[in-house]
Structure formats: structure tokens, C-alpha cells
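Notes for the structure review
Residue-level listing of the chains:
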Amino acid sequence: VIPLRDLPASVAEVRRARALGAAGLMIGGTAGDRLLHHRDLDPFFAAACDVDLPVCVHTGWSCPGLTQICEDPYAALLLSFTFPVLMACFSLTAGGVLDRFPSLRVAFLEAGAEWIPYMMTRMDHYHPVIRDVGWGPCSKKRPSEYLAEGRLYVTCEAEEPLLPRVLELVGEDQVLIEGDMPHAEARDTGIQELRGRTDIKEDVKRKILRENAIAFYKLA
């Protein structure tokens, strides 16, 4: 877990993690009150590329403003816990981080996968205007185009009805299962549920459950 609000410590931890044999670097969707495309965070992404470790954006209460306004558990889980992952997707694609670091690999963890079509469509919708008018940082390509590069991964919930659409958009080699332990929803059968789906091919299930993670974390 990388302490992004302390940049020197973050860079040092990246290198220490690699030396200890870590397979990935976990961060929140924001660095406190800064979005991930803030230039001050570039040394962290540069260090991750230098040691060839993927960056895993995990759900969590990383954005103080969102955390402050969510005063009950339901809002906290649905909004302040989840939305920072979507904010990270914006920063890494539309915000230009993937342009600046062409070898960076990223996964969006534990937020489901059905938000990907919405976010990509929405970001693409505004991208030409932002690019032409010059309103702030803007990626060189439409955000959805980065999906074709194979550097963006996302975890899915087993029961998501739009999972076939996500597989079509993101690519069947870039989707992983999320099912590490029972969470607040009190379910621990996600892997079995995915195996039982009839709208996903068996070879694609094997990729989601095993092969894609091996490739992303370079475990082979």
C-alpha cells in the first residue's frame, strides 16, 4: 500500500516493495484532495514503471470531501468508498497519465465493472470540446482508445448483468474476478456464481478467474 500523500515516502516504498518481491502497488483513487493526474504525483508513476510493477486502484475512502458528506453506511459504501475509483479512471485516461507513462499497467479493483461503459462514453463525449478549447489537462486520445492498448484492467462482480458488454468493450484479457473474501454484502460465492453463468464462454471464464491475473501481475 503506497502512501501517496507523502511523495518521497511513496517512491521509496515502491522500490522497497519491488526488492521484497511484491507483485503490485495498491493506491486509493485520489491522493487525499488531489486527483491522480496532478503533476506532483508523477514521480510515483515513474517509479512504478521503473520497477515494472502494476498500479492497483482499490476502493476506499481516499477523498476527504466525499467522505465528509456521506453520513450513513449505505452512502459511504456506494459513494465515498466507490467513486474515487471512477475518479482515478478519469485521471489515468482523460487526465493524461497513460500518455506520460506509456509502460504503466493499471487495474481498477473492487468497484465492479459496469461503470466502465458509462465512464468511457461520458469521457469520450466531452473529450473533443475539452481538447479543442484547451480547458485544463487533456489526453492525446479519446479515453476509450486506451482500452485497446491492453494496459487497463478491471475487476468484475460475478452477478453483473452487463458483464458481457464490459468484456466486449474492455477485452476478455483485461477482466479479473473480485472475490477475495466476504464483504459487507455477506457473499462468498462469487467464483462459483461466475462459473455457473451461461452467457459467458468457458474459456473466457478461465481467463477471468485465473489467466488474466497471471498476466497482469506477471506471475508466470
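Residues numbered from 1 in each chain as written. Predicted model: local features only at pLDDT ≥ 70, side-chain atom pairs only at ≥ 80, totals over all residues. Heavy atoms only, no water.

**Notes on the overall build of the protein**
Put simply, the rule is: Elements are defined by DSSP. Helices are runs of H or I of four residues or more, strands are runs of E of two residues or more, and each kind is numbered from the N terminus. Here the globule rule is a power law, 2.2 Å times the number of residues to the power 0.38, and the radius of gyration is based on C-alpha atoms. Contact criterion: two residues are considered in contact whenever any of their non-hydrogen atoms come within 4.5 Å of each other. Values of accessible area rely on a 1.4 Å probe in the Shrake-Rupley scheme; residue burial ignores everything except the protein chains shown. Residues scored as charged are limited to Lys and Arg (positive) and Asp and Glu (negative), so that His and the chain ends carry no count. Every charge is mapped to an atom, namely NZ of Lys, CZ of Arg, CG of Asp or CD of Glu.
For the protein, the helix and strand inventory stands at ten helices and seven strands. For 220 residues, the compact-globule estimate of 2.2 N^0.38 gives 17 Å, and the C-alpha radius of gyration of the protein, at 17 Å, lies within 12% of that figure. Referenced to the eigenvectors of the C-alpha coordinate spread, the extents of the protein come out at roughly 45 × 45 × 40 Å. By sequence separation, contacts in the protein at least 24 residues apart represent 68% of the contacts at least 6 residues apart. With the model as given, the accessible surface of the protein reaches about 11100 Å², and the carbon-plus-sulfur share is 58%. Charge-centre separation for the protein: the mean point of 24 positive side chains lies 6 Å from the mean point of 31 negative side chains.

**A few points about the pattern of salt bridges**
Definition in use: Each salt bridge in this description consists of a side-chain nitrogen of Lys or Arg and a carboxyl oxygen of Asp or Glu lying within 4 Å of one another. Burial classes follow relative accessibility: with a 1.4 Å probe on protein chains only, a residue under 20% of its type's maximum area counts as buried, one over 50% as exposed, and anything between as partly exposed.
As enumerated under the stated definition, the model contains 17 salt bridges in all. A salt bridge links Lys-218 to Asp-52; the shortest N-O distance between them is 2.8 Å. Highlighted residues: Lys-218 in the segment after α10 (202-217) and Asp-52 in the loop between α2 (42-51) and β4 (55-58), separated in sequence by 166 residues. A relative accessible area of 32% means that Asp-52 is categorised as partly exposed. A single salt-bridge network, built from bridges that share partners, covers Arg-39, Asp-42 and Arg-100.

**Describing the packing of helix α1 (residues 7-20) against α2**
Note the threshold: Fitted lines through C-alpha atoms serve as axes, helices being fitted only where they are in contact, and the angles separating the N-to-C directions of these axes extend from 0 to 180 degrees. Roughly parallel here means an angle under 35 degrees, roughly antiparallel means over 145, roughly perpendicular means 65 to 115, and every remaining angle is called oblique. Residue type decides the class: Asp, Glu, Lys and Arg count as charged, Ala, Val, Leu, Ile, Met, Phe, Trp, Tyr, Cys and Pro as nonpolar, and the leftover types, Gly among them, as polar.
Relative orientation of the contacting elements α1 and α2 amounts to 10°, with a least axis distance of 9 Å. Taken together, the axes of α1 and α2 are roughly parallel relative to one another. Along the contact surface, α1 presents Leu-7, Val-11, Val-14, Arg-15 and Arg-18, while α2 presents Pro-43, Phe-44, Ala-47, Ala-48, Asp-50 and Val-51. Its residues assigned to classes, the contact of α1 with α2 shows eight nonpolar, no polar and three charged.

**Points about the pairing of strand β6 (residues 152-156)**
Which entries qualify depends on this criterion: The rule for pairing is simple: two strands pair if DSSP sees at least two bridges between them. Convention used here: a crossover is right-handed provided that the path from the first strand, over the helix, to the second strand proceeds clockwise when the strands point away from the viewer.
For β6, the tally of buried residues reaches five of five residues, placing the bulk of the element in the interior. Going residue by residue along β6, you find Leu-152, Val-154 and Cys-156 tucked away on one face and Tyr-153 and Thr-155 tucked away on the opposite face as well. Note that strand β5 (residues 106-109) and β6 share three bridges and pair parallel. The partner of Phe-108 across the bridge, within β6, is Val-154. Following the backbone out of β5, through helix α7 (residues 115-133) and into the adjacent parallel β6, one traces a crossover that is right-handed.

**Looking at the pairing of β5**
Walk down a regular strand and you will see the side chains alternate between the two sheet faces. Residue alternation in β5 divides its side chains into two sets, Val-106 and Phe-108 and Ala-107 and Leu-109, and both sets are buried. In this structure, β4 lies alongside β5, joined through four bridges in parallel fashion. Among the inter-strand pairings, Val-55 is bridged to a residue of β5, identified as Val-106.

**Examining α7**
Our working rule: Working rule for helices: expected span equals 1.5 Å times residues minus one. By definition, a residue's bend is the angle between the axes fitted to the seven residues ending there and the seven starting there.
Under the 1.5 Å per step criterion, the end-to-end length of α7 is 27 Å for 19 residues, consistent within 8% with the ideal 27 Å. At His-127, α7 is bent by approximately 35°, the largest bend along its length, and proline Pro-128 sits one to four residues beyond. Residues Trp-115, Ile-116, Pro-117, Met-119, Met-120, Met-123, Asp-124 and His-127 constitute the buried set of α7. Two residues or fewer past α7, Gly-134 is found with a positive phi of approximately 80°.

**Let's talk about the sheet that holds β5**
What the five strands build is an open sheet, ordered β1-β4-β5-β6-β7; its pairing is parallel. In this open sheet, the two strands that pair with only one neighbour each are β1 (25-27) and β7 (175-177). Each strand of the sheet is rotated relative to its neighbour by a mean of 25°, with strand direction disregarded. Most of the contacts of α10 go to β7, to which it runs at about 115°, and overall it touches β4, β5, β6 and β7.

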